[in-house]
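Survey of secondary and tertiary structure
Each chain is listed here by its residues.
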Amino acid sequence: MHCRSMLTLALLGAAAVAQAQAQAQAQAQPRDSLTIGISQYPSTFHPNFDAMAAKSYVLGFTRRPVTAYGPDWQLGCMTCETLPSLENGGAVRETTPEGKPGLRVTWRLREDARWGDGTRVTTADLRFAYDAGREATTGLGPAEFFRSAYEMIVEDARSFTLRFDKVTFDFASLGDFQPLPTHVDRARWEADPRAYRNRTAYDTETANPALWSGPYRITAVQPGAGVTLERNAAWRGAAPAFRRIQIRTVENTAAMEAQLLAGQLDMIAGELGLPVEQAAALERRSGQRFRIEYKPGLIYEHLDLRLDTPMLADRRVRQAMLLAIDRAQIVARLFEGRQVVARTGVNPWTRCMIRRRRTGPSMPPAPAPCWTRPAGALAPTASAAMPPASG
């Protein structure tokens, strides 16, 4: 009996050691796949139809625009060689045919830019995007960009110039004006510009590698459920870390959290994931199991008062009511201090605010936090004309 117990313990010990070694080896081996949860499914994968956060998230893996803003909020080239400026001659002020101040701006594409089928990204792809955008019946966005850029001049396969009917500070950014694969979609558009929205290969042949120019390409879609991404063989940049990425749509955030806890999701995207209060509660319950990051976004939540309400007709009443709201307490109680109380309607991470913070001693002093309730905040209501309450 004693020998049998010792043998059983020895076997159990050997099994535990083997399991620990297997787990250590599994952890040491790099992961080649990643499953991400988001709460929305794109209505289209065409870059110029329907502005949606879910679509932008997926296209961030699969496309490369000409210019883009980086995590430091600085504009940079992605498929161009140099940002045009007045100093380097890439941008020149001129007069439009109507006699208004305008700009002539030139970009040059990178030589190594490729679509997923190996075809070079050229100015013909931008010409297609420009022609489709200028055709009103197509409905491409951004509409104001295509209205302002009244002429496109293609100089060669890599260089092109746009003429704008106004002078702006952000002329070097092309925003959502991006190449569209002319060898795939131009014939569809020319056949019927009005029906192009429903006939584009981005939605009828989403897995076509010729549509994608980023480090990943879409290889499969499950409408309403998810998207599968795999490495783009034609990508000339650094190889991405994961061979395959599954982006799974889980509209219910409670179900999304359950899938994360069950190991069915590796991560939840902050852009379209859990609300702040749910993430804070999950962090409190799970301890160090997950790494949860909080970063301020561009959403500005605020209260608007109805000025047609008799009680709020007096400006002093409105001001006193708003000043009496302790927003810091709201953030502390409801969001566990994870939200950022807004000082103004301008996000603190926008370029103009960052520039102000970098100007040094000459920068005007920061405004006092407006969420601090001043002494006598409710005093104006005493002298304000308050209507009698109705029964």
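Scroll up for the structure.
Treat the numbers as computed from the prediction; the structure is a model and nothing was measured. (Residues numbered from 1 in each chain as written. Predicted model: local features only at pLDDT ≥ 70, side-chain atom pairs only at ≥ 80, totals over all residues. Heavy atoms only, no water.)

Attention shifts here to unusual backbone geometry. Comment: phi is negative for the bulk of residues other than glycine, and the bulk of peptide bonds are trans. For the bond running from Gly141 to Pro142, omega is 0 degrees, close enough to zero to count as cis. Even without glycine at this site, Asp50 takes up a positive phi of about 55 degrees. Inspection of the secondary structure assignment puts Asp50 in the loop between strand 1 (33–38) and helix 2 (53–62). For Asp50, a relative accessible area of 33% translates into the label partly exposed. The phi dihedral of Trp73 is positive, around 65 degrees, even though this residue is not glycine. Positionally, Trp73 belongs in the loop between strand 2 (67–69) and strand 3 (75–77). (Helix = DSSP H or I, 4+ residues; strand = E, 2+ residues; numbered from the N terminus. Buried < 20%, exposed > 50% of the residue type's maximum accessible area, 1.4 Å probe, protein only.)

Enumeration over the complete set of coordinates arrives at 27 salt bridges. Notably, a salt bridge pairs Arg158 with Glu81, separated by 2.4 Å at the nearest N-O pair. With Arg158 in the loop between strand 6 (149–154) and strand 7 (159–164) and Glu81 in the loop between strand 3 and strand 4 (91–95), this residue pair connects regions lying 77 residues apart in the sequence. Assessed through its relative accessible area of 44%, Glu81 is described here as partly exposed. Residues joined in a network through salt bridges with shared partners are Lys100, Glu144, Arg147, Asp165 and Lys166. (Salt bridge = Lys/Arg side-chain N within 4 Å of Asp/Glu carboxyl O.)

Here we take up the environment of Thr344. Considering the arrangement of structural elements, one finds Thr344 in the loop between helix 11 (327–335) and helix 12 (351–357). Look at Thr344 and you get partly exposed, because its relative accessible area is 34%. Separated by 44 residues in the primary sequence, Thr344 and Tyr300 place their C-alpha atoms 9.4 Å from one another.

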